[in-house]
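Residue strings, one per chain:
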Amino acid sequence: AHLLTVPTPGREKNTLVHHLQSYVSRGRRNRGWVAIVHRLDRGVSGALVFGKTEAVAEALRQQFSAAKPVREYVALVAGRMKADRGTFDKRLVVDKQVIQRQVAPRAGVGERAVTHFVVEKRGQDVTRVRVRLETGRRNQIRIHFADAGHPVLGDPRYESGKARHRRWRHDRMALHAAVLGFDHPVTGRRMRFEATEPREFAELFEEVGGGR
């Protein structure tokens with residue numbers, strides 16, 4: 001969860017792309033190379049895909065631009081959500097004063113962002129949700145749930161006060177990219193990958209209890 005996907009302007013060396021480049025370079029005379037397709041926020045764990053050539057990466061990026069990949073997340077959010085399922089369909093803009101994204105203050109501006117969710121479990125003051133992205137805007141899960149009054153636990157940016165939970169003692173967000181599905185960029189075969197959920201998600205509900 002704390003591993004950056006790519007370096008920031010600070011040029012960090014301990015990033016996922018550096019580790020992958022090292023991995024694909026093993027046993028080769030020339031240094032291996034990987035191309036970025038998409039990213040996860042720092043503090044989020046889960047599945048990512050990279051391309052080993054720029055052509056493959058670009059083919060994958062086009063799928064993401066067309067919202068074709070299946071992207072499902074598991075999140076623990078603050079409070080008890082009333083609805084068993086629902087959809088957030090709100091446009092996002094950049095608030096330049098605080099340099100972060102937010103729900104658009106008026107209709108017709110920003111980028112459309114659509115997030116579907118299903119409640120899987122409720123605790124006394126926390127809800128576990130399964131989330132499916134229809135669009136892939138930056139921070140959209142975090143923004144949509146925070147705007148609804150149920151920020152992701154541990155989120156340091158969006159409704160950070162409400163995002164604190166007495167049982168969430170981890171220095172990360174309770175957000176995990178659980179499923180990633182896309183078409184193989186060469187064969188066209190449908191592919192699906194699942195990333196094992198972090199143990200701390202289950203541990204929280206073992207402490208607080210809860211059900212549907």
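First things first, this report covers the structure right here in the doc. (Residues numbered from 1 in each chain as written. Predicted model: local features only at pLDDT ≥ 70, side-chain atom pairs only at ≥ 80, totals over all residues. Heavy atoms only, no water.)

**Some remarks on the packing of aromatic side chains**
(1) Moving on: Inspection of the entire model under this criterion finds five aromatic pairs.
(2) Moving on: Both rings, one in Phe182 and one in Phe193, keep their centres 5.8 Å apart while their planes meet at 25°; by these two values the pair is stacked. With a gap of eleven residues between them, Phe182 in strand S9 (residues 175–183) and Phe193 in strand S10 (residues 190–194) connect regions that are remote in the sequence.
(3) Moving on: Overall, Phe182 belongs to the buried group, its relative accessible area being 5%.
(4) Moving on: Residue classification places Phe193 among the partly exposed positions, given a relative accessible area of 37%.
(5) Moving on: Taken together, Phe88, Phe117 and Phe145 form an aromatic cluster joined through their ring pairs. (Phe/Tyr/Trp six-rings, centres within 6.5 Å; stacked < 30°, edge-to-face > 60°. Helix = DSSP H or I, 4+ residues; strand = E, 2+ residues; numbered from the N terminus. Buried < 20%, exposed > 50% of the residue type's maximum accessible area, 1.4 Å probe, protein only.)

**Quick notes on the side chain of Gln63**
(1) Moving on: With respect to the secondary-structure elements, Gln63 resides in helix H2 (residues 54–65).
(2) Moving on: Owing to a relative accessible area of 10%, Gln63 belongs among the buried residues under this scheme.
(3) Moving on: Engagement of the side chain of Gln63 in a polar contact is seen with the backbone oxygen of Asp183, the distance being 2.8 Å.
(4) Moving on: With residues near it in sequence (within four places) discarded, Gln63 still touches Lys68, Pro69, Phe182 and Asp183. (Polar contact = N/O pair within 3.5 Å; in protein donor to acceptor, adjacent residues only side chain to side chain. Contact = heavy atoms within 4.5 Å.)

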